[in-house]
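Given next are the chains, with one letter for each unit.
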Amino acid sequence: MAAIAELVDYYGWKQVTAIFIDDDYGRNGIAALSDKLAERRCKISYKVGIPPDTDFSQGDIMDILVKVALMESRVVVLHVNPNLGFRTFSVAKYLGMMGNGYVWIATDWLSSYLDSFSPLSSETMNTMQGVLTLRHYTPDSDRKKSFFSRWSKMTGGSLGLNAYGLYAYDSVWLVAHAIDAFLDQGGVISFSKDPRLISAEGGELHLDAMNIFDSGTFLLKNILKSDLIGLTGPLKFDSDRSLILPAYDIINVIGTGYRRIGYWSNYSGLSTVPPETLYMRPPNRSSANQHLYSVIWPGDTVLKPRGWVFPNNGKQLRVGVPIRVSFKEFVTRVPGTDMFKGFCVDVFTAAVSLLPYAVPYQFIPFGNGKENPSYTELVNLITTGFFDAAIGDIAIVTNRTKIVDFTQPYVASGLVVVAPFRKLKSGSWSFLRPFSPLMWTVTGCFFIVIGTVVWILEHRINDEFRGPPKRQIITVLWFSLSTLFFSHRENTLSTLGRFVLLIWLFVVLIINSSYTASLTSILTVQQLFSPISGIESLKEGDEPIGYQVGSFVEHYLSEELGISKSRLVALGSPEAYAKALKIGPKKKGGVAAVVDELAYVEHFLSSQCTYRIVGQEFTKSGWGFAFPRDSPLAVDMSTAILALSESGDLQRIHDKWLMHSSCSSDTTELESNRLELKSFWGLFLICGLACFLALCIYFLQIIRQLNRDDPTECTSPVQGSSHSGRIHRLLSLMDEKKDMSRQKNKRKVERSFSESDKDAELGRNTKRKGMEINSSS
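Reading guide: rules and limits
Residues numbered from 1 in each chain as written. Predicted model: local features only at pLDDT ≥ 70, side-chain atom pairs only at ≥ 80, totals over all residues. Heavy atoms only, no water. Helix = DSSP H or I, 4+ residues; strand = E, 2+ residues; numbered from the N terminus. Buried < 20%, exposed > 50% of the residue type's maximum accessible area, 1.4 Å probe, protein only. Contact = heavy atoms within 4.5 Å. Areas by Shrake-Rupley, 256 points an atom, 1.4 Å probe, with all protein chains shown as cover. Phe/Tyr/Trp six-rings, centres within 6.5 Å; stacked < 30°, edge-to-face > 60°. Lys NZ or Arg CZ within 6 Å of the ring centre and 35° of its normal. Arc of directions from axis to C-beta. Axes fitted to C-alpha atoms, helices over the stretch in contact; angles between N-to-C directions. Parallel < 35°, antiparallel > 145°, perpendicular 65-115°, else oblique. Nonpolar A, V, L, I, M, F, W, Y, C, P; charged D, E, K, R; others polar. Core = buried A, V, L, I, M, F, W, Y, C linked by side-chain atoms within 4.5 Å. Salt bridge = Lys/Arg side-chain N within 4 Å of Asp/Glu carboxyl O. Pairing = 2+ DSSP bridges. Patch = residues over 30% accessible without salt bridge, like charges linked within 9 Å, V, L, I, M, F, W, Y side chains within 5 Å. Lys, Arg positive; Asp, Glu negative; His and termini not counted. Charge placed at Lys NZ, Arg CZ, Asp CG, Glu CD.

Chemist: Would you mind showing me how to read the overall build of the chain here?
Modeler: Scanning the chain from terminus to terminus reveals 26 helices and 28 strands. Residue burial in the chain is summarised as follows: out of 777 residues, 42% are buried. Restricting to contacts in the chain with at least 6 residues of sequence separation, those with at least 24 account for 71%. Entry remark: accessible area of the chain is about 42500 Å², with carbon and sulfur atoms responsible for 57%.

This is the structure in C-alpha cells:
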C-alpha cells in the first residue's frame with residue numbers, strides 16, 4: 001500500500017476510489033492504503049466492499065461500478081481476490097469504464113495470477129488493458145534461473161511460479177537453517193499439550209489433537225537472526241520482524257502480456273534502476289529522482305489521465321457568494337433573484353467557461369444584507385461541507401490557506417493607509433523646510449567642530465589663527481561659516497589642516513547642492529502634507545483607525561501589529577470612510593486614517609479627491625476563489641485564470657467594473673521633501689574620521705616635540721607635581737608661536753652650504769681634468 005500511495009502521488013492524483021473484498025484481508029489493506037495516502041495529502045474519496053460470498057452476482061457488481069462511475073475520482077484501486085477481480089474487470093469493460101480517463105491499479109493478486117497461469121485467454125486480457133499492478137521484486141540470479149528450469153520440467157510447464165511460491169520455497173530453507181542452528185546450540189525437540197487448543201464443536205480441524213513445540217521461542221530467535229541469500233534475495237529481518245529492503249515491480253498490462261515500467265523500494269522510491277543497484281548509493285527520495293517508463297493507459301493512450309472528472313450525479317456545485325452592502329462593483333446580488341453580478345462574478349464565470357468540462361453550479365447567498373458578512377466564516381463553511389466553493393473579494397491570508405485551497409490570485413491587493421491631506425503653501429520660513437531639525441542641528445555642530453579642529457592645527461604656525469581669545473573665537477566662527485560659500489579668507493598652512501579642510505569642503509558642496517535642489521522643489525512645485533506618514537506612525541500614536549466591516553483587517557491590526565481594539569472603528573461603506581476621515585480623530589466617530597485593501601482604496605479614491613494613500617503597501621496578498629483542500633477544481637480554475645490574464649480578458653473585465661474616476665490626475669506624491677540625516681550620515685562619518693585622524697597625528701607630533709625638548713622629565717620618577725608640570729608644558733607648547741622664519745633661514749643656510757660644497761667639488765674636478773690633458777700632451 002505504501003507503493004500504491006507513492007504511485008498515486010507520482011502522477012499527481014489526489015483522490016482514489018477503493019474497491020475491496022469485505023473481509024479481514026480487504027479491510028486491513030484499505031485501512032493501510034488510507035494511512036499511506038494521508039501521508040502524501042491524498043485520500044480515498046469513495047470506497048466500497050464486495051462480500052466474499054460466491055453467490056455475489058454480476059448485477060451486484062454492476063450496481064457497485066455504476067456508483068463508482070458517478071463519483072469524482074477516476075483512479076480505482078482494486079484489492080480483491082482473482083475471482084472477483086476478473087469479474088469486476090469484465091463488468092467495467094461492459095460499462096465503458098476501461099476507456100479514456102480511467103486509471104485502474106490492482107494489488108499483487110493480479111501479478112500473482114498472471115505469473116501462475118499465463119498466457120490467459122485473449123478475452124480475459126482484453127478486459128484489463130492498461131491496468132497497473134504490483135509484483136514482489138525478486139532479483140535475477142543463476143540460482144533462480146536454475147530453479148525455474150527444474151520447476152518447469154517437474155510441472156511440464158502447466159503451472160507457473162509466482163513470487164509467493166518463491167517465498168514459500170525460501171521459507172522452508174529458512175526454517176531448516178534455524179532448526180539446524182537450534183540443534184547445534186544443544187536444543188531438544190519436544191512437544192506438549194496446550195489447553196488453549198480446543199477443537200471447535202462440529203469442526204473437522206481437531207485442534208485438540210495438536211501439540212505445541214516447547215522451544216518455540218528459541219527457534220523464533222534463530223529465525224529472526226537469519227542472514228541468508230535465497231531465491232527471492234537477502235533473507236534478513238529488521239527490528240519490526242519484517243524483511244529488509246522490500247521492493248516491487250510495477251507492471252503495465254498490454255496486449256497479451258505485460259511490461260515492467262519500473263520498480264518501487266522503500267529505500268529510494270520509484271525508479272527505472274533495479275533496487276539492488278540503488279542500495280549501493282545513498283538514499284534519495286527527492287521528486288526529481290523519481291522515474292518510471294511511459295504507460296499505455298486504458299483507452300490505448302499514452303497521455304496521463306487527469307484522474308478525476310466533475311461528478312455526474314446531478315448534484316450542482318454549491319458556491320457561496322457574499323451579499324455586500326458596500327463596494328458593490330466587486331460583487332452584488334441582483335434584487336429579487338439569486339443571481340449575482342460584479343467584477344468577481346464575471347471573473348468566475350469567465351474562468352469556468354474555459355474549463356475542458358462542464359461544471360454545473362448554483363450561487364448560494366451568504367450574509368444578512370444589512371452589513372458586509374465575515375469572510376472568515378464564509379471560508380469556514382467550506383470545511384464543514386456546507387459550501388463546495390466560495391467566490392468574491394476573498395483575501396488570501398495565512399489563517400485561511402490552512403483550511404482551504406485558493407486559486408491563482410486574480411487581483412493583487414495588500415493593505416494600505418488612507419489619510420486626509422492638505423496642500424502646503426510657501427511661507428516666510430520655507431527656507432528651513434529642506435532639512436529636518438536633526439539635520440540642521442548636526443550640520444551646525446559640524447561647522448563649529450571643523451572650525452575648532454582647523455584652529456587647533458593652525459594655531460602654532462598661522463598668525464591668522466592667533467591673537468586675543470575674543471579674536472580667536474570670532475576667527476573660528478567666521479572661518480567655519482564662510483566655508484559654506486567657499487569664501488574663507490584665512491589660509492591654511494599645515495598639511496593636516498589642508499587635509500581636513502579639503503574633506504569638509506567636499507561635504508559642504510554636497511549639502512549645498514542638496515539644499516538648493518530641495519528648496520527649489522518646495523518653492524516651485526505644489527506640495528501635499530499629511531500628519532500621518534504610514535502604518536508605523538499609526539502604531540506609535542493613540543488615534544482611532546478605521547477598517548472595513550467583515551474584512552480580515554481588524555484581526556491583522558490587533559493580533560499581528562498589536563494595536564488595541566479600542567482604537568479600531570468599524571466602517572461599512574465608502575461614504576462612512578469619507579465622513580469619518582472628514583470629522584477627524586478629535587471628535588467622536590472620526591478617525592485619523594483608514595486601513596483597507598488596495599483594491600477597495602483605489603475604488604474609494606476614484607471619487608474622493610481629498611484623501612491619499614500615505615506610506616507604502618505593508619502587506620502583499622491577493623484575491624482568489626476558495627475550494628476544499630486538495631480540490632482538483634482549484635488547480636484547473638487557476639489555469640483558467642492565468643489564461644484570462646494572458647489573453648487580456650481579465651483586464652477588460654477590470655476596466656468594465658472599476659475604471660471610473662472623477663478626480664483629476666495628480667502625480668504629486670504625498671511625502672515629505674525634507675532631507676533627513678540618514679541620507680548624509682556617510683559624509684559626516686568620513687569628515688569626523690578625518691578630523692579624528694588629523695588630531696591624533698597632531699598630538700603625537702606635539703608629544704614627540706615635548707619629549708625631545710625636555711628629555712629629563714621622561715626619565716624622572718612619576719610624581720603629582722611632575723604630572724601637572726608636564727601638562728602645563730604641553731599646553732604652553734601648543735599655545736606658543738612656532739618660528740617658521742627661523743626654520744626657513746636654517747633651510748637656506750643648509751642649502752648655501754650644500755651649494756658651496758658642490759662648487760668646491762666642481763673646481764677640483766676641473767683642475768684634475770687639466771692636469772690629465774697636460775700629461776697626455
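Chemist: Would you mind going over the environment of Asn289 with me for this structure?
Modeler: Among the structural elements, Asn289 can be located in the loop between helix H10 (275-278) and strand S13 (317-322). Sequence separation between Asn289 and Ser268 is 21 residues; the distance between their C-alpha atoms is 8.4 Å. Ignoring sequence-local partners within four residues, the contact set of Asn289 consists of Leu270 and Asn284.

Chemist: Can you help me understand the packing of aromatic side chains in this one?
Modeler: Overall, the coordinates contain 37 aromatic pairs when judged by the stated rule. Summarising the aromatic geometry, the rings of Phe330 and Tyr600 are spaced 5.3 Å apart at their centres and angled 80 degrees between planes, so their arrangement reads as edge-to-face. A residue pair is termed long-range when its members are at least 10 positions apart, and Phe330 in the loop between S13 and strand S14 (332-333) and Tyr600 in helix H20 (residues 598-605) qualify at 270 residues. Residues Phe330 and Tyr600 agree in their burial class; the two are buried. Consider the rings of Tyr556 and Phe618, whose centres lie 6.2 Å apart with planes at 35 degrees: the pair is tilted. Of this pair, Tyr556 sits in helix H18 (residues 553-560) while Phe618 sits in the loop between strand S26 (611-614) and strand S27 (622-623), and the two are 62 residues apart along the sequence. Among the aromatic residues, those joined into a ring-pair cluster are Phe327, Phe330, Tyr577, Tyr600, Phe604, Tyr611 and Trp623. Here the basic side chain of Arg306 rests over the ring of Trp308, its NZ or CZ set 5.4 Å away from the ring centre. Sitting above the plane of the Phe386 ring, Arg318 keeps its charged end 5.0 Å from the centroid.

Chemist: How do you make sense of the environment of Thr17 when you look at a structure like this?
Modeler: With respect to the helices and strands, Thr17 occurs in strand S1 (residues 15-21). Looking at Thr17, the relative accessible area reads 0%, which means it is buried. C-alpha of Thr17 to C-alpha of Met71: the two residues are 54 residues apart in sequence and 8.4 Å apart in space. Not counting residues up to four positions away in its chain, the partners in contact with Thr17 are Ser45, Tyr46, Val68, Ser73, Val75, Val76 and Val77.

Chemist: Would you explain helix H22 (residues 649-658) in this entry?
Modeler: For the α-helix, the turn length of 3.6 residues means that residues three or four positions removed from each other point alike. What H22 keeps buried is the set Leu650, Ile653, Trp657 and Leu658. With its buried residues spanning 100 degrees around the axis, H22 presents them on a single face. Of the exposed residues in H22, those oriented more than 90 degrees away from the buried face are Arg652 and Lys656. On its buried side, H22 packs onto strand S15 (340-341), helix H11 (343-353) and helix H21 (632-647).

Chemist: Mind showing me how you'd approach the packing of H21 against H22 here?
Modeler: In a pair of packed helices, the angle between the axes and the distance between the axes together describe the arrangement. The contact between H21 and H22 brings their axes to 4 Å, and the two run at 80 degrees. Taken together, the axes of H21 and H22 lie roughly perpendicular to each other. On the side of H21, the interface is formed by Leu644, Ser645 and Ser647, while H22 contributes Asp649, Leu650 and Arg652. A class-by-class count of the residues in the contact of H21 with H22 yields 2 nonpolar, 2 polar and 2 charged.

Chemist: Even after reading the chapter, I still don't get the side chain of Asn222, so can you show me in this structure?
Modeler: One can find Asn222 in helix H9 (residues 216-224). Excluding residues within four positions of it along the chain, Asn222 makes contact with Ala178, Ala181, Phe182 and Gln185.

Chemist: Would you explain the nonpolar core in this entry?
Modeler: Nonpolar side chains in soluble globular proteins tend to end up buried together. Grouped together as the largest cluster of nonpolar side chains are 75 residues, with contacts concentrated most on Phe343, Tyr410 and Leu633. With 8 residues, H11 is the largest single contributor of residues to this core. With near-sequence residues (within four places) excluded, Leu633 lies in contact with Trp308, Phe310, Leu317, Leu355, Tyr357, Val359 and Phe627. Membership of the second largest hydrophobic core comes to 32 residues, among which are Val508, Ile511, Cys687 and Cys691.

Chemist: Help me out: how do you make sense of the pattern of salt bridges in this one?
Modeler: Note on pairing: side chains with opposite charge can pair once their charged atoms come close. According to the stated counting rule, one finds 17 salt bridges in the structure shown. Here Arg40 and Asp9 are joined by a salt bridge, their closest N and O atoms 3.5 Å apart. One end of the pair, Arg40, is in the loop between helix H2 (24-38) and strand S2 (43-50); the other, Asp9, is in helix H1 (residues 2-10), with 31 residues separating them in the sequence. Residue class for Arg40 comes out partly exposed when judged on its relative accessible area of 27%. Asp9 sits in the partly exposed class, given a relative accessible area of 28%. Shared partners join several salt bridges into a network, and the residues in it are Glu6, Asp9, Arg40 and Arg285.

Chemist: In this structure, what is going on with unusual backbone geometry? I would like to understand it.
Modeler: Here the amide bond leading from Ser118 into Pro119 is cis, since omega sits at 0 degrees, within 30 degrees of zero. Structurally, Pro119 can be placed in the loop between helix H5 (108-117) and helix H6 (122-126). Although it is not a glycine, Phe327 sits at a positive phi angle of roughly 50 degrees. With respect to the helices and strands, the residue Phe327 is situated in the loop between S13 and S14. For Asp630, which is not glycine, the phi torsion reads 65 degrees and is therefore positive. Along the chain, Asp630 falls in the loop between strand S28 (626-627) and H21. On the accessibility criterion, Asp630 (17% relative accessible area) is buried.

Chemist: In this structure, what is going on with the sheet that holds strand S25 (residues 593-597)? I would like to understand it.
Modeler: Backbone-to-backbone hydrogen bonds join strands into a sheet, with any given pair of strands oriented parallel or antiparallel. If you walk across this open sheet you meet the 5 strands as S24-S23-S25-S20-S26, and the pairing is mixed. Both edges of this open sheet fall to strand S24 (568-571) and S26, since each of them pairs with a single strand only. Shown here is a sheet whose adjacent strand axes are inclined to one another by a mean of 35 degrees, direction ignored. Where strand S23 (residues 545-548) and S24 come together, 4 bridges link them in parallel fashion. From the neighbouring strand, Gln548 faces S24, where its bridge partner is Leu571.

Chemist: Could you clarify how one ought to interpret the environment of Gly688 in this entry?
Modeler: Inspection of the secondary structure puts Gly688 in helix H23 (residues 681-709). Distance in space between the C-alpha atoms of Gly688 and Ile450 is 8.8 Å, their sequence separation being 238 residues.

Chemist: What is the right way to read the sheet that holds strand S12 (residues 269-271) from this model?
Modeler: Pairing within the open sheet is mixed, and its 8 strands lie in the order S2-S1-S3-S4-S5-S10-S11-S12. Looking at which strands have only one partner, the edges of the open sheet turn out to be S2 and S12. Put simply, the sheet's adjacent strands are angled 25 degrees from each other on average, direction ignored. Here 2 bridges tie strand S4 (residues 103-106) to strand S5 (residues 132-136), and the two strands are oriented parallel to one another. Bridging across to S5, Ile105 finds its partner in Leu132. Lying on the sheet, H2 is in contact with S1, S2 and strand S3 (75-79); it crosses S1 at an angle near 165 degrees. Contacts from H5 reach S3, S4, S5, strand S10 (247-254) and strand S11 (257-265) within the one sheet, and its direction differs from that of S5 by about 70 degrees.

Chemist: Before we go on, may I ask you to explain a negative patch on the surface in this structure?
Modeler: Residues Asp53, Asp55, Asp60 and Asp63 make up a contiguous surface patch of negative charge. If you trace the backbone, Asp53 turns up in the loop between S2 and helix H3 (58-69).

Chemist: Sorry, what's going on with a nonpolar patch on the surface here?
Modeler: Taken together, Val175, Ile179, Leu183, Ile189 and Phe191 make up a surface patch of nonpolar side chains, about 430 Å² in accessible area. At 3 residues, the largest contribution of residues to the nonpolar patch is made by helix H8 (residues 163-184). The topology assignment puts Leu183 in helix H8. Residue class for Leu183 comes out partly exposed when judged on its relative accessible area of 42%.

Everything listed is a geometric property; what it means functionally is a separate question.
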